[in-house]
Amino acid sequence: MPPTPQGCVTTQGHLLRVPDFLATLTTEAVVHHLDLVPDLPGAPPPGALAVEVAVATMDGLLSDDAVRPADWDDLTYLGKATGREPLTDRDRVALGEAAGWFPLLG
């Protein structure tokens with residue numbers, strides 16, 4: 001195995017820059033946090049900065065030409081972008097061609 005370039009991490013067969021690796025871990029943590037809280041009454045939501053990183057990750061996966069529907073808050077966006085929440089007919093109309101890219105992350 002060749003040496004990893006400085007400032008990069010090799011994981012699961014992929015070479016990632018350290019900031020991208022940290023964003024990936026943060027996004028995974030937020031998504032799994034959201035998976036757990038529906039069964040934990042009173043549990044706090046994920047932290048705002050972590051959600052911001054996860055949303056930015058989804059925006060990067062979505063496309064520069066596509067925009068999430070304006071009525072989706074960040075947590076709705078994350079639910080739909082990960083397939084935890086299904087797209088409605090209204091969502092599909094609002095997303096247009098981009099609806100076929102969902103879920104953005106499985």
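Details of the structure are given in the entry above.
Presented here is a report on the structure given in the accompanying data block. For clarity, every value in this text was computed on a predicted model and none was experimentally measured.

Basis of the calculations
Residues numbered from 1 in each chain as written. Predicted model: local features only at pLDDT ≥ 70, side-chain atom pairs only at ≥ 80, totals over all residues. Heavy atoms only, no water. Helix = DSSP H or I, 4+ residues; strand = E, 2+ residues; numbered from the N terminus. Contact = heavy atoms within 4.5 Å. Areas by Shrake-Rupley, 256 points an atom, 1.4 Å probe, with all protein chains shown as cover. Lys, Arg positive; Asp, Glu negative; His and termini not counted. Charge placed at Lys NZ, Arg CZ, Asp CG, Glu CD. Buried < 20%, exposed > 50% of the residue type's maximum accessible area, 1.4 Å probe, protein only. Polar contact = N/O pair within 3.5 Å; in protein donor to acceptor, adjacent residues only side chain to side chain. Core = buried A, V, L, I, M, F, W, Y, C linked by side-chain atoms within 4.5 Å. Axes fitted to C-alpha atoms, helices over the stretch in contact; angles between N-to-C directions. Parallel < 35°, antiparallel > 145°, perpendicular 65-115°, else oblique. Nonpolar A, V, L, I, M, F, W, Y, C, P; charged D, E, K, R; others polar. Expected span 1.5 Å × (residues − 1). Arc of directions from axis to C-beta. 1 Å grid on protein atoms, 1.4 Å probe; cavity = no way out; pocket = protein on both sides within 12 Å on 5 of 7 lines; lining within 4 Å. Points joined across faces, edges and corners; volume = space filled by probe spheres on them.

### Notes on the overall build of the protein
- When you go through the protein residue by residue, the secondary structure sums to four helices and two strands.
- Along the protein, from the amino end to the carboxyl end, the secondary structure elements read β-β-α-α-α-α.
- Principal-axis analysis of the C-alpha atoms gives the protein an extent of 50 × 40 × 20 Å.
- The contacts in the protein between residues at least 6 apart in sequence include a share of 38% that link residues at least 24 apart.
- Accessible area of the protein: about 7,000 Å², with a carbon and sulfur share of 58%.
- Across the protein, the centroid of the 6 positively charged side chains sits 2 Å from that of the 15 negatively charged ones.

### Focus on helix α3 (residues 74-81)
- Within α3, the full set of buried residues consists of Y77, L78, G79, K80 and A81.
- Against the buried residues of α3 lie α1 (18-36), α2 (48-62) and α4 (89-95).
- The N-capping residue of α3, defined by a side-chain oxygen 3.2 Å from the backbone nitrogen of L75, is D73.

### Overview of the nonpolar core
- Core analysis: the largest hydrophobic core is formed by 17 residues, its most contacted members being L62, Y77, L78, L95, F102 and L104.
- At five residues, the largest contribution of residues to this core is made by α2.
- Leave out the neighbours within four places in its chain, and L62 touches V67, R68, Y77, A98, W101, F102 and L104.

### A short note on the packing of α1 against α2
- For the pair α1 and α2, the least separation of the axes is 8 Å and the interaxial angle reads 110°. In terms of their interaxial angle, α1 and α2 are classed as roughly perpendicular. Between α1 and α2, the contacting residues are A23, T26, T27 and V30 on the first element and A50, V51, V53, A54, T57 and M58 on the second.
- Here the residues of the contact of α1 with α2 are counted per class, giving seven nonpolar, three polar and no charged.

### Let's talk about α2
- Here α2 is 15 residues long and its end C-alpha atoms lie 21 Å apart, about the 21 Å a rise of 1.5 Å per residue gives.
- Along α2, the positions that sit buried rather than exposed are V51, A54, V55, M58 and L62. Mapping the buried residues of α2 onto a view down its axis gives an arc of 100°, with all of them on the same face. Every exposed residue of α2 that faces more than 90 degrees away from the buried side is listed here: L49, E52 and G60.
- Buried positions along α2 lie against α1 and α3.
- Phi for S63, located one or two positions after α2, is positive at around 145°.

### Here's the deal with the layout of surface pockets
- The volume enclosed by the largest pocket comes to roughly 220 Å³.
- Lining the largest pocket are T11, Q12, H14, L16, F21, T24, L25 and E28.
- Elements with a contribution of two residues or more to the lining of the largest pocket: β2 (14-17) and α1.
- Of all the elements, α1 adds the most residues to the lining of the largest pocket, at four residues.
- Within the lining of the largest pocket, the residues separate by chemical class into three nonpolar, four polar and one charged.

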